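# Breakdown of the fold
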Amino acid sequence: MRLTFPMKAATTFALAGLLPLAALAAPAQPSSEAPTLELSVEAQGSAPNDLFAATLFAEATDSRLAPLARKLNTASTAALATIRSAPAVKLRSSATRTTPVRGRDGNRIESWRMVSEFALESRDAQALSELITKLQDSGLGLARIDTTASQQTRKKTEDQAIGEAIAAFKARAELAAQALGQHYRIRKITINTQSAERPQPVFRAALASSAGAAAPVEAGESLLTVSVSGTVELLP
């Protein structure tokens, strides 16, 4: 009898069974992608409010539209003349709206109400304060006073805060890399800015006007916040 064939078959079977085991035992290839860190920092700056705004209004009510319009036109013309007498104050916009005043049943129109608004702006707080007082003395109402940082002032403060935030981001990236015993490079960075303005209460001007003094417009500050976030790649 010849035993060559069974031995050859058994050998072939054993090798075929070892192939999957060899593949599983092979070491995994290391990833070529470097580890990364996600970091975020903030910096803040205070921009002095150097731009002042106020909104005043004239209003009247009448059962007839024609007399109402004449009445409000007279008040608006006088207000515009007073505003023009203050060259340091700019008239940003003016608008007039008319609304019906209905009876208790909600259907019948009993009268009409007309309102004219004047939005003022100035970088001279004293000039705006004195103009507000004159307009109130002539019968106009004060809706609001706002203070904010001008575009030039805001940009200067924002640029400084951006520089500080980026420096803080780099310092934190270096600190983290050193703690891990590695070098680093910045892969991606994002800069966002936010501002928080502080409007002045209306009652300050109203009380000052009733006392016969100029309405005080307080400047205050606008808080600017710059946030810097990004991805840092760790290097050996």
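Note that the coordinates shown come from a computational prediction; the quantities given were computed from them, not determined experimentally.

Let us look at the nonpolar core. Inside soluble globular proteins, nonpolar side chains tend to come together where they are buried. Residues Leu 56, Leu 120 and Leu 135 are the most contacted members of the largest nonpolar core, which totals 22 residues. Those elements that place two or more of their residues in this core are β2 (51–62), α2 (65–84), β4 (109–122), α3 (125–137) and β5 (141–148). Those residues in contact with Leu 135 that sit more than four places away from it in its chain are Leu 56, Ala 79, Thr 82, Ile 83, Leu 120 and Leu 140. Counting 10 residues, the second largest nonpolar core, distinct from the first, contains Leu 39, Val 41, Ala 161 and Val 226.

Below, the discussion takes up a nonpolar patch on the surface. A cluster of nonpolar side chains, contributed by Ile 186, Ile 189 and Ile 191, occupies part of the molecular surface with about 220 Å² of accessible area. The topology assignment puts Ile 189 in strand β6 (residues 183–196).

With that settled, consider the pattern of salt bridges. Taken as a whole and judged by the stated rule, the model has 10 salt bridges. Here Asp 50 ties to Arg 123 by a salt bridge, and the two come within 2.8 Å at their closest N and O atoms. Of the two residues, Asp 50 sits in the loop between β1 (36–48) and β2 while Arg 123 sits in the loop between β4 and α3, which places them 73 residues apart along the sequence. Judged by relative accessible area, which is 18%, Asp 50 ranks as buried. Each of Arg 185, Arg 187 and Glu 233 takes part in salt bridges that share partners, so that together they form one network.

Okay, the sheet that holds strand β3 (residues 90–102) next. In space, the four strands of this open sheet follow the order β3-β4-β2-β5, with antiparallel pairing throughout. Sheet topology places β3 and β5 at the edges, where each strand pairs with a single neighbour. Direction aside, the axes of adjacent strands within the sheet are offset by 15° on average. On the sheet, α2 packs against β2, β3 and β4 and is oriented at approximately 10° with respect to β4.

On to the environment of Val 226, then. Among the secondary structure elements, Val 226 is positioned in strand β7 (residues 221–235). Of the residues examined, Val 226 reaches a relative accessible area of 1% and is grouped as buried. Separated by 181 residues in sequence, Val 226 and Gly 45 place their C-alpha atoms 8.4 Å apart. Aside from chain neighbours lying at most four places away, what touches Val 226 is Val 41, Glu 42, Ala 43, Glu 158, Ala 161, Ile 162, Ala 165, Ile 191, Asn 192 and Thr 193.

What counts as what
The residue count restarts for each chain, going from 1 along the sequence in the order it is written. The predicted origin of the model limits local features to residues at a pLDDT of at least 70 and limits the giving and counting of side-chain atom pairs to 80 or more, whereas totals for whole chains, interfaces and linings rest on all residues. Heavy atoms from the whole structure form the basis of all side-chain values; hydrogens and water molecules are not counted. Here, nonpolar core means buried Ala, Val, Leu, Ile, Met, Phe, Trp, Tyr and Cys residues that are tied together by side-chain atoms lying within 4.5 Å of each other. Relative accessibility under 20% of the residue-type maximum defines a buried residue, over 50% an exposed one, and the middle range a partly exposed one, all with a 1.4 Å probe and only protein chains included. Strands are runs of DSSP state E lasting at least two residues, helices are runs of H or I lasting at least four, and both sets are numbered from the N terminus onward. Working rule for contacts: check all heavy atoms of both residues, and any pair within 4.5 Å makes them a contact. Note that patches include only residues with greater than 30% relative accessible area and no salt bridge, and the join distances are 9 Å for like charges and 5 Å for nonpolar side chains (Val, Leu, Ile, Met, Phe, Trp, Tyr). Methods summary: accessible areas were calculated by the Shrake-Rupley approach with a probe of 1.4 Å, and residue burial reflects only the protein chains presented. For this document, the term salt bridge refers to a Lys or Arg side-chain nitrogen within 4 Å of an Asp or Glu carboxyl oxygen. Strand pairing is assigned whenever DSSP identifies at least 2 bridges connecting the two strands. Every angle, taken between N-to-C directions, lies between 0 and 180 degrees, and every axis is a line fitted to C-alpha atoms, over only the stretch in contact when it is a helix.

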